[in-house]
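# Coordinates in review
Given next are the chains, with one letter for each unit.
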Amino acid sequence: MSDRRARTYAVCAVKLDEDHTDAAEGTFDAALTNALVAIVAAEWPKEVRKSKGPTSQTKPASALLKLIRDKAEEAGSGVRIAPDGHDVFLLSDPHADEGNRGVEEAPAAETPWDDLFSEPWPAAGPLETRVDVGTLQDALDVTQPVRHAREDGDEAEEEPRLLERRHVEALLALDSHPSLRALVMEQEYRYEDSAQKQDEREREQAVRTLERIGEEEADRRAAAADELHDGPSPGDPYALEIQECPVCGYEAFSSDDGDELGMGVGFGECLVCHYRRTPAIANAIARQMEWQRRWERD
Ligand SMILES: [Zn+2]
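In this text the structure is predicted, and so the values were computed from the model without any measurement.

### Focus: the packing of helix H2 (residues 27-43) against helix H3 (residues 61-71)
Across the interface, H2 lies against H3 with an axial gap of 9 Å and an inter-helix angle of 45°. When the interaxial angle is binned, H2 and H3 end up oblique. Where H2 crosses over H3, the two elements pack in a sense that is left-handed. Contact residues: H2 offers Asp29, Leu32, Thr33, Leu36, Val37 and Val40, while H3 offers Ala61, Leu64, Leu65 and Leu67.

Here it is, written out as structure tokens:
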């Protein structure tokens, strides 16, 4: 259950992270509701539903945000007011070392990776989850009137507000909670998925090239391929030999370099059909080979 919530959160949040102006209506609500239900179910399992009993509905996002805000007043709830923000709360990791609780966080500006990430989330320690209740509630106010289009004329004259980047940042920050931590996997999945689609297009293109040039030209190119490819040499002993192309079958695949696991899967271009294999695909094939090898060994 919690995995499904985390996955729904991740799918929606990654979409919003890529382009929050072009997300379908309800994407933000779906991400936020699933994240908050997962967090509250992990922290205070009895308080996630509207009334007692497992069949009762889960509370809406706004009620769950209010619950987190109220928890900051309860001693020992693991929720504290963030020192740097209005209506922002920090949830400590329930599995963190008890001794770490209440430790003053190091000033965020001193971390060495600040330069690498343009917008660090300040004031949350490594084991805390930053819940910006004010910003998340504001995001709900922005997204919900759109979905439940109001009839009265006064509302219609108002300029509709749009989701802003700060809303998305607040949503992404929830991923620190142990019940979520799902964004990296989803990003990787999407990256691989788009790399696979690109590879399919590359293959189709290469098949068309092969048809266009004909067999005689393909043979001529294959004969010349060895000359054109820079294989291993004293100056570059780890360069890959020319390989069989997975599309045309000629020994004509000229690798620029190999996969990150050192399995000898090259990325580069076939000198006959011009099929291009990207590093992402070479790495994916190498990982699969590695899994296969382990599976056969065990
Ligand atoms: Zn080829």
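Next comes the rest of the description.
### Notes on the environment of Met263
Turning to its location among the elements, Met263 is positioned in the loop between strand S5 (251-258) and strand S6 (266-270). Judged by the 17 C-beta atoms lying within 10 Å of it, Met263 falls in the partly exposed class. Taking the C-alpha atoms as reference points, Met263 and Ile285, 22 residues apart in sequence, are found 9.1 Å from one another.

### Structural notes on unusual backbone geometry
Phi at Asp87 is positive, roughly 60°, even though this residue is not glycine. Structurally, Asp87 is set in the loop between strand S1 (79-81) and strand S2 (89-92). C-beta crowding within 10 Å serves as the criterion here: with 16 such atoms nearby, Asp87 is assigned to the partly exposed category. Positive phi is not limited to glycine here, since His274 has a value of about 65°.

### Re the confidence of the model for the protein
Residue-level pLDDT values for the protein average 86, and 84% of them are 70 or greater. Note that residues 98-124 has pLDDT below 50 and, in this model, 21 contacts with residues that lie over four places away or in other chains.

### Notes on the sheet that holds S6
In spatial order, the strands read S4-S5-S6-S7; together these 4 strands make up an open sheet with antiparallel pairing. The sheet is open, and its two edges are formed by strand S4 (243-244) and strand S7 (276-277), each paired on a single side. Note: S6 against S7, 2 bridges, orientation antiparallel. Bridging across to S7, Glu269 finds its partner in Arg276. Against the sheet, helix H7 (residues 183-228) engages S5, S6 and S7, with an angle of about 95° to S5.

### Points about H3
Among the residues of H3, those classed as buried are Ala61, Leu64, Leu65, Ile68 and Lys71. Within H3, the buried residues cover an arc of 120° as seen down the axis, which keeps them to one side.

### Some remarks on the pairing of strand S3 (residues 128-131)
Here S3 shows a buried face lined by Glu128 and Arg130 and a second buried face lined by Thr129 and Val131. Strand direction decides the pairing type here: S2 and S3, joined by 4 bridges, are antiparallel. Following the sheet pairing, Leu91 is matched in S3 by Thr129.

### Brief notes about the sheet that holds S2
Paired through their backbone hydrogen bonds, the strands of a sheet run either parallel or antiparallel. Overall, antiparallel pairing links the 3 strands, which are arranged S1-S2-S3 in an open sheet. Where the open sheet ends on each side, the last strands, each with one partner, are S1 and S3. Pairwise comparison of adjacent strand axes, ignoring direction, gives a mean angle of 30° for this sheet. With 3 bridges joining them, S1 and S2 adopt antiparallel strand pairing. Bridge pairing links Val79 to Leu91 in S2.

### Brief notes about the pairing of S6
With 4 of its 5 residues buried, S6 lies for the most part within the structure. Looking at chain direction, S5 and S6 are connected through 5 bridges and run antiparallel. Counterpart to Ser255 in the pairing with S6 is Gly268.

### Considering the environment of Arg276
Locating Arg276 in the fold gives a position in strand S7. Separated by 70 residues in the primary sequence, Arg276 and Ala206 have C-alpha atoms spaced 8.4 Å apart. For Arg276, the contacting residues outside a window of four places in its chain are Glu202 and Glu269.

Rules of the game
Residues numbered from 1 in each chain as written. Predicted model: local features only at pLDDT ≥ 70, side-chain atom pairs only at ≥ 80, totals over all residues. Axes fitted to C-alpha atoms, helices over the stretch in contact; angles between N-to-C directions. Helix = DSSP H or I, 4+ residues; strand = E, 2+ residues; numbered from the N terminus. Parallel < 35°, antiparallel > 145°, perpendicular 65-115°, else oblique. Left-handed = near helix turned anticlockwise from the far one by under 90°. Contact = placed C-beta atoms within 7 Å. Buried ≥ 20, exposed ≤ 12 C-beta atoms within 10 Å, placed from the backbone. pLDDT = per-residue confidence, 0-100. Pairing = 2+ DSSP bridges. Arc of directions from axis to C-beta.

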